[in-house]
Amino acid sequence: MVSFKKIQDSVSGDLVRLNTIISDTLKSPSPLMQQVVDNFLASKGKQLRPILVILSGRLFSPNGVGDNVIQAGAAIELLHNASLIHDDVIDESQQRRGRPSINRIWDNHIAVLVGDFFVSGALYCAAQTHRFEIISVMAHLGRELSLGEIEQIDNARHHSIDEETYIAIIRRKTASLFSSCVQVGGYAAGADDNQLAELRHYAELLGVCFQIKDDIFDYYDNPEVGKPTAGNDLREGKMTLPLIYALSRTDLPQCAEMVELSRKTELEADDIATLIAYAKEAGGIEYAYSVMERIRNEAHGLLARYGNSETVEQFKTIFDYIIERSK
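The text that follows walks through the structure, step by step, so that each part is easy to find. (Residues numbered from 1 in each chain as written. Predicted model: local features only at pLDDT ≥ 70, side-chain atom pairs only at ≥ 80, totals over all residues. Heavy atoms only, no water.)

### A look at the packing of helix H2 (residues 12–25) against helix H4 (residues 48–60)
Part 1 of the reasoning: The interhelical angle for the contact between H2 and H4, taken along N-to-C directions, is 120°, at an axis separation of 11 Å. One way to sum up the angle between H2 and H4 is to call them oblique. Once H2 is placed against H4, the crossing between them reads as right-handed. Between H2 and H4, the contacting residues are Asp14, Leu15 and Leu18 on the first element and Pro50, Ile51, Ile54 and Arg58 on the second. (Axes fitted to C-alpha atoms, helices over the stretch in contact; angles between N-to-C directions. Helix = DSSP H or I, 4+ residues; strand = E, 2+ residues; numbered from the N terminus. Parallel < 35°, antiparallel > 145°, perpendicular 65-115°, else oblique. Left-handed = near helix turned anticlockwise from the far one by under 90°. Contact = heavy atoms within 4.5 Å.)

### Observations regarding H4
Part 1 of the reasoning: For H4, which comprises 13 residues, the first-to-last C-alpha distance of 19 Å matches the rise-based estimate of 18 Å (1.5 Å per residue) to within 8%.
Part 2 of the reasoning: Buried residues of H4: Leu48, Arg49, Pro50, Ile51, Leu52, Val53, Ile54, Leu55, Ser56, Gly57, Leu59 and Phe60, and no others.
Part 3 of the reasoning: Looking at the packing, one finds that the buried side of H4 touches helix H1 (4–10), H2, helix H5 (67–91), helix H9 (163–188), helix H10 (193–217) and helix H16 (310–324). (Expected span 1.5 Å × (residues − 1). Buried < 20%, exposed > 50% of the residue type's maximum accessible area, 1.4 Å probe, protein only.)

### A short note on the environment of Arg263
Part 1 of the reasoning: Mapping Arg263 onto the fold places it in the loop between helix H13 (255–262) and helix H14 (269–281).
Part 2 of the reasoning: Distance in space between the C-alpha atoms of Arg263 and Val89 is 25 Å, their sequence separation being 174 residues.

### Focus: the packing of H9 against H10
Part 1 of the reasoning: Here H9 crosses H10 at 135°, and the two axes come no closer than 7 Å. Taken together, the axis directions place H9 and H10 in an arrangement best described as oblique. Here the hand of the crossing between H9 and H10 comes out right-handed.
Part 2 of the reasoning: Counted by class, the contact of H9 with H10 contains 14 nonpolar, six polar and six charged residues. (Nonpolar A, V, L, I, M, F, W, Y, C, P; charged D, E, K, R; others polar.)

### Some points on unusual backbone geometry
Part 1 of the reasoning: The phi angle at Gln47 is positive, at roughly 55°, despite the residue not being glycine.
Part 2 of the reasoning: One can find Gln47 in the loop between helix H3 (31–41) and H4.
Part 3 of the reasoning: Under the relative-accessibility criterion, Gln47 is labelled buried at 8%.
Part 4 of the reasoning: Of note, His130 is a non-glycine position whose phi angle comes to about 55°, a positive value.
Part 5 of the reasoning: On the basis of relative accessibility, which here comes to 68%, the residue His130 falls in the exposed class.

### Some remarks on the packing of aromatic side chains
Part 1 of the reasoning: Evaluation of the coordinates by the stated rule reveals seven aromatic pairs.
Part 2 of the reasoning: Relative to Phe315, the ring of Tyr202 lies with its centre 5.4 Å away and its plane at 75°, an arrangement referred to as edge-to-face. Of the two residues, Tyr202 sits in helix H10 while Phe315 sits in helix H16, which places them 113 residues apart along the sequence. Of the two residues, Tyr202 and Phe315, neither departs from the other in class, the shared state being buried.
Part 3 of the reasoning: Put simply, the rings of Tyr202, Phe315 and Phe319 touch in pairs and so form one group of aromatic residues.
Part 4 of the reasoning: Just above the ring of Phe210 sits the side chain of Arg49; from NZ or CZ to the centre is 5.1 Å.
Part 5 of the reasoning: Above the ring of Phe210, the side-chain terminus of Arg325 is found at 4.2 Å from the ring centroid. (Phe/Tyr/Trp six-rings, centres within 6.5 Å; stacked < 30°, edge-to-face > 60°. Lys NZ or Arg CZ within 6 Å of the ring centre and 35° of its normal.)

Below is the structure:
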């Protein structure tokens, strides 16, 4: 397994600064708001997205990142967390990062308001950079994340999606955030659009692979949970790459039957198990990995513009980690 921890360790000082900014930004005179915020921030996750901001800042400012890069990273992390909080409400999720979600502990009303509080914090941090282009990226990102979720919901309701549509959706709902990370990090370090072009494309491809790998997890039970967890996407009407590919295998005798089954208004547990088994038997998982491998090769090629440096190697390592991670 590629060591992502080495990258985390290399930016640990910058992450401490970033998390201090986040904590200070979210300080509230409301005891309830502060209680919910503190509970959420107790588990920070891997903080991949702010790490991308920091690495982008380092790429264009090799002598060290300034305060603007850290503020931009805090803005990205706050907006990302806001989207997670709102997603938990939409999906009625009961857990986030191995802990009870805000909507489970309190309720949906509190969760939505806390998510909005995080959004305002993100905009505040972006404003502290005094860079209009960073504020503009944040505004555009919020739009893309919302549109991606709406498109996914719409396609789930109509049970109509092909690979091209699937990739277009995850470019918006996931990859746009990754691309924005390196964009704001680069802007904060003084880079221009021409310098950022290949890095933004790299990050978009990274985001696409991140979501494909996340979707693969849904075809297997998570032993850490202790109960069946596979098929959550299908329960919500979402079709992902392994099954999309399997349903295109018209050369297989059971394909037509599986296509018909996938179009049911509501899938029962047995239906979900059948579709998951079919996706695996039809080579859907292997196909998804082959797509990620092709995308990784393209992404690594894009980094050639930036020469050889520790930061460039770290970007490559992150891509390998995303594909090889186990959770």
